[in-house]
Each structure stands twice: as structure tokens, then as C-alpha cells.
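Descriptive analysis of the structure
Residues per chain are reported as follows:
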Amino acid sequence: MEQINRISITDKRYEFAVRFFSLNNRLQAEGDHFYKEVTFKQFFLLACMQLFGDSQPSLQELSEAMGCSRQNTKVIAQKLADSGYIKMNADSRDKRKQRLSLTDSALQLGKKYESQDAKIMKMLFDGISDEQLKQVKSVFEEIDSNLVRISEWCREDGDKTK
């Protein structure tokens, strides 16, 4: 982050984007170092699956929760299935869909890291007030809405460089 502080960026939006991507990369690198059994992205998929409670999400539903493509989600999910952390089964009503469920191994993995995860979250947000978190959440929600518009614009026909 020190290098970013030394760069003169006149447009604060670019500075924010650079910092955001840098933080994302650093968080992933630390997660890959921390979790021994799985990668950070694999652990993130397992965490996102817990958002669905007892229901079994489809690959599409899980990819939307993760914010990545269905293809990327399938690659990560397949590696987790091969390692015995999730099961991938055909949907009972639509055999083209795959439903995912956590295995006992995944639940044990979550329990193994539960207290360390809580400590990391506390450390990560140390010195950040609830009001600051509320503001950042609002900014992220607005960026998320803007990304929907960007996605639609990118999928329109035509040359975007003109």
C-alpha cells in the first residue's frame, strides 16, 4: 500500500480502484497462506454456500452470490467436490442444473477455522467504526448497481472505443 500512497493520482476514483484491487489481491494471498487444506477462493465458495442455509444452491445461484461466472464457480466447485468438501448432484426437477451441498468434511473445516476467522475479522476491521462500515457498505452497494449497468453496456453490440 505504501507504493500506492506515493503515486500521484489526481482522480480519486482511480486511486480507489487501485486500492480496492490491491486489497483484494492481498486478502487472497493471505487467505491462500492461512488456509492449509483449500485455497482462499475455495474457502470463499464454502462460505457463500452457507448463505443459502439448508437449501442447496445451483451453480448459477452460487456464482451470483460469489460475483463470478458460472464457469469459474464450476471449476472451483469441482475441485472441492474432488476433495470431498461438497457434493454436486443433478436437480430433481431439471437435470441440466447441478445442486451443491456441503459435506461433513466441509462443516468440520469450517469449525476448525471458526475462531481464527473471527480473530482475523476483528483484526481486519480494527479501528473502523460502525458508521464508517455503513458508509463503505453504501458505496459498495452503489458500485454493485453501477456494475449491473456496465455489464449491460458491455454486452450491447458495437465498438466501445468510439
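For clarity, every value in this text was computed on a predicted model and none was experimentally measured. The numbering scheme is per chain: residues are counted from 1 as the chain's sequence reads. Given that the model is predicted, a residue must reach a pLDDT of at least 70 before its local features are reported, and side-chain atom pairs must reach 80 or more before they are shown or counted; all residues, however, enter totals for whole chains, interfaces and linings. Hydrogens and water molecules were not included; the side-chain quantities draw on all heavy atoms of the structure.

Some thoughts on the overall build of the protein chain
The secondary structure listing takes helices from DSSP runs of H or I that are at least 4 residues long and strands from runs of E that are at least 2 residues long, numbered from the N terminus. Within the protein chain, the regular secondary structure consists of seven helices and two strands. Helices and strands in the protein chain line up, N terminus first, as α-α-α-α-α-β-β-α-α. Expressed along its principal axes, the backbone C-alpha trace of the protein chain runs to roughly 55 × 45 × 25 Å. For the protein chain, the residues scored as buried account for 22% of the 162 residues in total. Put simply, of all contacts in the protein chain between residues at least 6 apart along the chain, 45% involve residues at least 24 apart. Note that accessible areas follow from Shrake-Rupley with a 1.4 Å probe, and for residues the cover is restricted to the protein chains shown. As displayed, the protein chain offers around 12,500 Å² of accessible surface, 53% of which is attributable to carbon and sulfur atoms. Looking at the protein chain, you have 26 positive and 25 negative side-chain charges, and the mean spots of the two groups are 3 Å apart. Only protein chains enter the area calculation, which uses a 1.4 Å probe; residues under 20% of their type maximum are buried, those over 50% are exposed, and those in between are partly exposed. Contact between two residues is taken to exist if any of their heavy atoms lie within 4.5 Å; hydrogens are not considered. His is not counted here, nor are the chain ends, while Lys and Arg score as positive and Asp and Glu score as negative. Note on charges: their place is set at NZ of Lys, CZ of Arg, CG of Asp or CD of Glu.

Section: the side chain of Gln-42
Tracing the sequence through the fold places Gln-42 in helix α3 (residues 40-50). Looking at Gln-42, its side chain comes within polar contact range of the main-chain nitrogen of Thr-39, at 2.9 Å. Gln-42 has contacts with Ile-76, Lys-79 and Leu-80, leaving out every residue within four places of it along the chain. Any N or O atom pair separated by 3.5 Å or less is treated as a polar contact, with the protein-specific requirement of one donor-capable and one acceptor-capable atom, and with residues adjacent in sequence counted only for side-chain atom pairs.

A word on the confidence of the model for the protein chain
The predictor reports its confidence for every residue as pLDDT, a score running from 0 up to 100. Mean pLDDT over the protein chain: 90, with 93% of residues reaching 70 or higher. Per-residue pLDDT, averaged within each element of the protein chain, yields its smallest value for helix α1 (residues 2-6) (56) and its largest for helix α5 (residues 70-82) (96).

Details of a nonpolar patch on the surface
On the surface, Phe-16, Phe-20, Phe-21, Val-136, Val-139, Phe-140, Ile-143, Leu-147 and Ile-150 cluster together into a nonpolar patch covering about 780 Å² of accessible area. Where the nonpolar patch is concerned, the elements lending two or more residues are α2 (12-34) and α7 (130-155). Phe-140 gets classed as partly exposed once you look at its relative accessible area, which sits at 38%. Candidate patch residues must exceed 30% relative accessible area and have no salt bridge, after which like charges are joined if within 9 Å and Val, Leu, Ile, Met, Phe, Trp or Tyr side chains if within 5 Å. Each reported salt bridge corresponds to a side-chain nitrogen of Lys or Arg within 4 Å of a carboxyl oxygen of Asp or Glu.

Description of the pattern of salt bridges
Counted according to the given criterion, the structure contains seven salt bridges. The partner of Arg-96 in a salt bridge is Asp-94, and the shortest N-O contact between them spans 3.0 Å.

A word on α5
Between the first and last C-alpha of α5 there are 18 Å, a value that for 13 residues agrees with the 18 Å anticipated at 1.5 Å per step. For α5, the complete set of buried residues consists of Thr-73, Ile-76, Ala-77 and Leu-80. Buried residues of α5 fall within an arc of 100° about the axis and therefore sit on the same side. Those residues of α5 that are exposed and aimed more than 90 degrees away from the buried face are Gln-71 and Asp-82. Against the buried residues of α5 lie α3, α4 (59-66), β1 (86-90) and β2 (98-102). Phi turns positive, to about 85°, at Gly-84, one or two residues after α5. The span one expects for a helix is its residue count, reduced by one, times 1.5 Å. Along the arc lie the directions from the helix axis toward the C-beta atoms.

Observations concerning the nonpolar core
In a soluble, globular protein the nonpolar side chains are often hidden away together inside. Ranked by size, the top nonpolar core spans 20 residues in total, and within it Leu-45, Leu-80, Ile-86 and Leu-100 carry the most contacts. Elements that contribute at least two residues to this core include exactly α3, α4, α5, β1 and α6 (104-124). No other element matches the five residues that α3 contributes to this core. What Leu-45 contacts, discounting residues up to four positions off in sequence, is Leu-62, Met-66, Thr-73, Ile-76, Ala-77 and Leu-80. Residues grouped as a nonpolar core are buried Ala, Val, Leu, Ile, Met, Phe, Trp, Tyr and Cys residues, joined through side-chain atoms within 4.5 Å.

Details of the environment of Asn-72
Note that Asn-72 resides in helix α5. Sequence spacing of Asn-72 and Leu-59 is 13 residues, and the spatial spacing of their C-alpha atoms is 9.8 Å.

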